[in-house]
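Okay, here's what each chain looks like letter by letter:
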Amino acid sequence: MTGHHWGYGKEDGPSSWYKNYPVAEGNRQSPIDIVPNEASHDRDLGPIMTNYDHCTSINISNNGHSVVVEFNDSDDRSVIKGGPLDNPYRLKQFHFHWGGKGHGGSEHTVSGEGFASELHLVHWNAVKYKTYGEASTAPDGLAVLGIFLETGDDHRWLHMITDVLYMVKYKGSITDFKGFNPNCLLPSSLHYWTYLGSLTTPPLHESVIWIILKEPIEVSEKQLGMFRMLLFTEEDDDQKMRMENNFRPPQPIKGRRVRSSN
Ligand SMILES: NS(=O)(=O)c1cc(F)ccc1F
Ligand SMILES: [Zn+2]
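Values in this document were obtained by computation on a predicted structure and should not be read as measured data.

Student: Please clarify how a negative patch on the surface should be interpreted in this entry.
Tutor: Negative charge collects at one region of the surface, where Glu150, Asp153, Asp154 and Glu218 lie side by side. Along the chain, Glu218 turns up in strand β14 (residues 217–219).

Dropping the structure here:
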């Protein structure tokens, strides 16, 4: 019996995930709508620090839900620390969520406004937990750094990713992707909002400390269009489903507090 099938379509999309993943209706689900003037400014929330050693990227793949760049997480070479985190969290992978041509695409929204896309850098607490799997089910197990992408100028470094997307067009495809330093995808300001939430795809574990950067990065419409040439479907699948709108809409805040760095 393979794991539950889920997707972003009418039948298997976000509104039906609760059937196989009841935590979808839990008290700390993600994403959420962030309302800046309701966020509490916390003086003792320090800056976040990323220390990404470029030689830890391994491969890039299409998992049928997004395009994912995996990292070697066997030591603390590439970590995020500071801010709301009690210790360094190890970079495991990053991936994207995006919309269809011209509308929506991000998962988190700001005052109800969505962005064209959202980049998630996924880290796990290797100080407290032995494996990513164990951390992914613990309330302080994961830290995901979210970065909004808006359309505008070409992003000089995103080309390193969009130029190889043709190699991972189909679900299940994977190719080498070494020497990529995700520091090149960060905006100039590391000011952020932070709150306690969950994975935004099944299994929707409530194990994520979210850190969402306030400043979006700019990418061109052309670069975003490259993501939309990816497919949800496998090479031998006769129906070719374009990979787009792979985002979960905002979930109930359920009394949670969103904190803001200075
Ligand atoms: N979109 S997400 O950053 O919450 C996420 C990260 C994972 F590693 C696995 C599942 C996820 F949904
Ligand atoms: Zn994500």
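Student: Mind showing me how you'd approach the coordination of the zinc ion (ligand 2) here?
Tutor: Six octahedral donors around a metal ideally make angles of 90 or 180 degrees; four tetrahedral donors ideally make 109.5 degrees. Every protein donor of the zinc ion (ligand 2) is listed here as His95 (NE2), His97 (NE2) and His120 (ND1), and their distances to the metal cover 2.0 Å. Every donor counted, the four donor atoms about the zinc ion (ligand 2) form angles of 99 to 116° at the centre, which fits tetrahedral coordination. Written as a sequence motif, the donor arrangement for the zinc ion (ligand 2) is H-x1-H-x22-H.

Student: How do you make sense of the site of ligand 1 when you look at a structure like this?
Tutor: If you check the shell around ligand 1, you find Gln93, His95, His97, His120, Val122, Tyr132, Val144, Leu199, Thr200, Thr201 and Trp210 and nothing else. Here His97 contributes a side-chain N or O atom positioned 3.3 Å from a nitrogen atom of ligand 1. Mapped onto the shell around ligand 1, the elements with two or more residues apiece are β7 (89–98) and β9 (117–124). By residue class, the composition of the shell around ligand 1 is five nonpolar, six polar and no charged.

Student: Just checking my understanding: could you explain the pattern of salt bridges for this structure?
Tutor: Close approach of charged atoms allows side chains of opposite charge to pair. The final tally for this structure, using the stated rule, is eight salt bridges. Residue Lys92 is joined to Asp73 by a salt bridge in which the shortest nitrogen-to-oxygen separation is 4.0 Å. Of this pair, Lys92 sits in strand β7 while Asp73 sits in the loop between β5 (67–71) and β6 (79–82), and the two are 19 residues apart along the sequence. Here Lys92 falls in the buried class, since its relative accessible area comes to 18%. The class of Asp73 is buried, set by a relative accessible area of 18%. For Lys178, the salt bridge identified is with Asp176, shortest N-O distance 3.6 Å.

Thresholds, definitions, all that
Throughout, residues of each chain are indexed from 1 in the direction in which the sequence is written. The order in which chains are written sets their letters, starting at A; the order in which ligands are written sets their numbers, starting at 1. With the structure being a predicted model, the display of local features is reserved for residues of pLDDT at least 70 and the display and counting of side-chain atom pairs for 80 or more, all residues being used for whole-chain, interface and lining totals. Side-chain numbers here rest on the full set of heavy atoms in the structure, without hydrogens or water. For patch detection, residues must exceed 30% relative accessible area and be free of salt bridges, and they are connected within 9 Å for like charges or within 5 Å for nonpolar side chains (Val, Leu, Ile, Met, Phe, Trp, Tyr). The protein chains shown are the only cover counted for residues, whose accessible areas, like all others here, come from Shrake-Rupley with a 1.4 Å probe. For this analysis, a salt bridge means a side-chain nitrogen from Lys or Arg found within 4 Å of a carboxyl oxygen belonging to Asp or Glu. Charge assignment: positive for Lys and Arg, negative for Asp and Glu; neither His nor the chain ends contribute. Taken as the charge location is NZ of Lys, CZ of Arg, CG of Asp or CD of Glu. Here a strand is any run of E in DSSP of at least two residues, a helix any run of H or I of at least four, and the numbering for each starts at the N terminus. Coordinating donors are taken as N, O and S atoms within 2.8 Å of the metal, stretched to 3.2 Å for Na, K and Ca; because water is absent from the atoms, sites can appear incomplete. Tetrahedral means four donors with every angle between 85 and 135 degrees, whereas square planar (four donors) and octahedral (six donors) require angles over 155 degrees between opposite donors and between 65 and 115 for all others; sites fitting neither are termed irregular. Proximity is defined per residue: any heavy atom of the residue falling within 4 Å of a molecule or strand makes that residue near it. Nitrogen and oxygen atoms within 3.5 Å of one another constitute a polar contact, given that in protein one can donate a hydrogen and the other can accept it, and given that sequence-neighbouring residues count only through two side-chain atoms. By the convention adopted, Pro, Cys, Tyr, Trp, Phe, Met, Ile, Leu, Val and Ala count as nonpolar, Lys, Arg, Asp and Glu as charged, and the other residues, Gly among them, as polar. Accessibility here uses a 1.4 Å probe with only protein chains present; expressed as a share of the type maximum, an area under 20% marks a residue as buried, one over 50% as exposed, and anything in between as partly exposed.

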